[in-house]
Amino acid sequence: MSADAVLTLSDLESWSRPGTSLAVLGQPIGHSISPAMHNAALADIAISNPSFADWRYFRFEIPPADLPRALELFHAKKFRGLNLTVPHKVLAFDRVATVAEAARPVGAVNTLLWEARGWRGHNTDGYGLVGALRQDLGCDLAGKHVILLGAGGAARSAGVECLRRNCASLSIANRTRENLDALLAVLAPLAGGIPLRGFAPDTPPAGLPAGAVVINATSAGLRAADPAPIELQRLPRPASVFDMIYNPPQTPLLRAAAALGLPHANGLSMLVHQGAKSLEIWSGIPAGGTAPVMQAAARAALNPK
Ligand code: NDP
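Okay, so let's go over this structure. The written sequence of each chain sets the order in which its residues are numbered from 1. The predicted origin of the model limits local features to residues at a pLDDT of at least 70 and limits the giving and counting of side-chain atom pairs to 80 or more, whereas totals for whole chains, interfaces and linings rest on all residues. Hydrogens and water are ignored here; the side-chain numbers use all heavy atoms of the structure.

**A look at the sheet that holds strand β11 (residues 213-216)**
Here is step 1: Pairing is parallel across the open sheet formed by 6 strands, whose spatial order is β10-β9-β8-β11-β12-β13. For this open sheet the edge positions go to β10 (196-199) and β13 (264-265), each flanked by a neighbour on one side alone. A pair of strands is considered paired only if DSSP assigns at least 2 bridges between the two. Secondary structure elements are taken from DSSP: a helix is a run of H or I of four residues or more, a strand is a run of E of two residues or more, and numbering for both begins at the N terminus.

**Here we look at the pattern of salt bridges**
Here is step 1: The term salt bridge refers to a pairing of a side-chain nitrogen on Lys or Arg with a carboxyl oxygen on Asp or Glu at a separation within 4 Å. By the definition in use, this model includes 9 salt bridges.
Here is step 2: For the salt bridge of D125 with K89, the shortest nitrogen-to-oxygen distance reads 2.8 Å. Highlighted residues: D125 in helix α5 (residues 125-137) and K89 in helix α4 (residues 89-93), separated in sequence by 36 residues.
Here is step 3: The partner of E161 in a salt bridge is R165, with the nearest N and O atoms 2.9 Å apart.
Here is step 4: Three or more residues are tied together by salt bridges with common partners; here these are E161, R164 and R165.

**Remarks on the state of the cysteines**
Here is step 1: What counts as a disulfide here is a pair of cysteine sulfur atoms lying within 2.5 Å. Within the structure shown, the criterion is met by 0 disulfides.
Here is step 2: Here C162 is not disulfide-linked; the sulfur of C167 is the nearest cysteine sulfur, at 5.1 Å.

**Considering the site of the ligand**
Here is step 1: For each residue, the test is whether any non-hydrogen atom lies within 4 Å of the molecule or strand; if one does, the residue is near. In the vicinity of the ligand there are 21 residues, among which A154, N174, R175, T176 and N179 approach most closely.
Here is step 2: One nitrogen or oxygen atom from the side chain of N174 is found 2.8 Å from an oxygen atom belonging to the ligand.
Here is step 3: Between the ligand and N179 there is a distance of 2.7 Å, counted from an oxygen atom to a side-chain nitrogen or oxygen.
Here is step 4: For the shell around the ligand, the secondary-structure elements that each account for two or more residues are α6 (153-164) and α9 (268-283).
Here is step 5: Residues were grouped as follows: Ala, Val, Leu, Ile, Met, Phe, Trp, Tyr, Cys and Pro as nonpolar; Asp, Glu, Lys and Arg as charged; and all remaining residues, including Gly, as polar. When the residues that make up the shell around the ligand are grouped by side-chain class, the tally is 10 nonpolar, 9 polar and 2 charged.
Here is step 6: Domain start and end points were adopted from an automatic or database domain assignment. Inspection of the shell around the ligand shows a minimum of three residues originating in each of domain 1 (6-123 + 269-302) and domain 2 (126-266). Any pair of nitrogen or oxygen atoms within 3.5 Å is treated as a polar contact; in protein, a donor-acceptor pairing is required on top of that, and neighbouring residues in sequence qualify only through side-chain atoms on both sides.

**Quick word on the packing of helix α2 (residues 34-48) against α9**
Here is step 1: Lines are fitted to the C-alpha atoms to define the axes, a helix being fitted only along its stretch in contact, and any angle between axes, read from their N-to-C directions, falls within 0 to 180 degrees. As a packed pair, α2 and α9 sit with axes 10 Å apart at the nearest point and diverge in direction by 50°. Classified by the angle their axes make, α2 and α9 are oblique. Here the hand of the crossing between α2 and α9 comes out right-handed. When α2 is examined against α9, the residues M37, H38, A41, L42 and I45 are found in contact with a partner set consisting of L271, V272, G275, S278, L279 and W282.
Here is step 2: Tallied by class, residues from the contact of α2 with α9 come to 8 nonpolar, 3 polar and no charged. Angle categories are assigned with fixed cut-offs, so that under 35 degrees is roughly parallel, over 145 is roughly antiparallel, 65 to 115 is roughly perpendicular, and the rest are oblique. Note on convention: near helix rotated counterclockwise from far helix by under a right angle means a left-handed crossing. Clockwise means right-handed. For this analysis, residues touch if any pair of their heavy atoms sits within 4.5 Å.

**Let's talk about the pairing of strand β3 (residues 56-61)**
Here is step 1: Sheet analysis places strand β1 (residues 6-7) next to β3, joined by 2 bridges and oriented parallel. The residue bridging L7 from the neighbouring strand is F60, located in β3.
Here is step 2: Where strand β2 (residues 21-26) meets β3, 6 bridges bridge the pair, whose relative direction is parallel. Bridge pairing in β3 places G26 opposite E61.

**Details of the packing of aromatic side chains**
For any two aromatic rings, the description comes down to two numbers: the centre-to-centre distance and the angle of the planes.
Here is step 1: Paired rings are identified among Phe, Tyr and Trp, the last through its six-membered ring, by centres lying within 6.5 Å, and are further divided according to the angle between planes into stacked (under 30 degrees), edge-to-face (over 60) and tilted (the rest). Per the counting criterion, the structure on display carries 8 aromatic pairs.
Here is step 2: Geometrically, the ring pair formed by W15 and F58 is edge-to-face, given 5.0 Å between the ring centres and 85° between the ring planes. Here F58 lies in strand β3 and W15 lies in the loop between α1 (9-13) and β2, a separation of 43 residues in the sequence. Take W15 and F58: they sit in the same class, and that class is buried.
Here is step 3: Measuring from centroid to centroid gives 6.2 Å for Y57 and W282, while their planes differ by 45°, and the two rings are tilted. Of the two residues, Y57 sits in strand β3 while W282 sits in helix α9, which places them 225 residues apart along the sequence.
Here is step 4: Relative accessibility under 20% of the residue-type maximum defines a buried residue, over 50% an exposed one, and the middle range a partly exposed one, all with a 1.4 Å probe and only protein chains included. Residue Y57 is classed as buried on the basis of its relative accessible area of 0%.
Here is step 5: Here W282 falls in the buried class, since its relative accessible area comes to 1%.
Here is step 6: Three or more aromatic residues joined by ring pairs form one cluster here, namely W15, F58, F60, F74 and F79.
Here is step 7: Against the face of Y127 rests K277, its NZ or CZ located 4.8 Å from the ring centre. Consider the ring centre and the ring normal. A charge sits over the ring if Lys NZ or Arg CZ is within 6 Å of that centre and within 35 degrees of that normal.

**A look at the layout of surface pockets**
Here is step 1: Cavities and pockets were defined on a 1 Å grid built from protein atoms only: a cavity is a group of points that admits a 1.4 Å probe but offers it no way out, a pocket is an open group of points flanked by protein on both sides within 12 Å along at least five of seven lines, and a lining residue is one with an atom within 4 Å of any such point. Grid points are joined across faces, edges and corners, and a volume is the space filled by probe spheres set on the points. A volume near 210 Å³ is recorded for the second largest pocket.
Here is step 2: Secondary structure elements with two or more residues in the lining of the second largest pocket: α5, α6 and α9.
Here is step 3: When residues of the lining of the second largest pocket are assigned to their parent elements, the largest contribution, 4 residues, is made by α6.
Here is step 4: Within the lining of the second largest pocket, the residues separate by chemical class into 7 nonpolar, 5 polar and 4 charged.

Next comes the structure, spelled out in structure tokens:
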């Protein structure tokens, strides 16, 4: 079975590969560069540790209605681990046998580990965000003011991570007020004494902090015609700007950050660090060791020669 193919539930039904298998599940999945990242890291590990020589990572196009059956089958076929991407992260949360402590407040899982009693769910997106901010912007969330854009799944994991890391304050902007209010309700019990507020992106309120890190967790910027999720120049001057989107590599928000002379980075390193942490959960190999190989493979996959 080629690791480049886009596989389906019927490929899984007839699965008989003898080696250790891993996979990412999503819909659509054809664009995913996770197989390139993971298989490069596995090949690198296998040079010094031949027990990884038969490990391979595949991608499966799974519609949401098929997820329950797929999770059962992947478990029966003894896949060592799974990654979940859009639209499965929240759906799978209620379908795993156990959830790691850190993933519980996120309400979504992106990494499953095979255990005899069933799947154990983890979420490595927060780890990926922290690693990317540190690597690309020299930014540590502890003690930082954060302006977070978005109220979907990625914003929820980012918000949980900001509060867990003791940010100085968390201000969240989202287009749809009811989604913003739902996210604020989830985060409020985790905030302790950390100031937490929401606002509409087209009317930033007075009193937002200067020197914040602005994190885009909306999907505005995925398509060429998308507007920026906020007008950066209407905010007190931020310290830096991070956009979770990595394809395209430049978004309207990042172009605005460049025009204002602000340090900025896209989401590629976040993808890499969350992937390296998933591989650590499955293999025991520390994420810091595999991230550089994954980063090079991700760049190559996005910019084929
Ligand atoms: P969701 O669908 O759960 O949430 C989408 C969010 O984007 C909502 O807040 C939505 O606002 C907002 N939004 C969508 N379109 C627009 C628009 N035109 N203008 C303003 N806001 C908009 O998606 P996720 O949270 O799963 O993902 C969000 C982004 O993060 C995606 O681009 C995804 O690719 C990226 N991501 C990157 C990762 C990485 O590793 N680099 C990891 C995870 C996600 P509303 O509530 O108003 O609908």
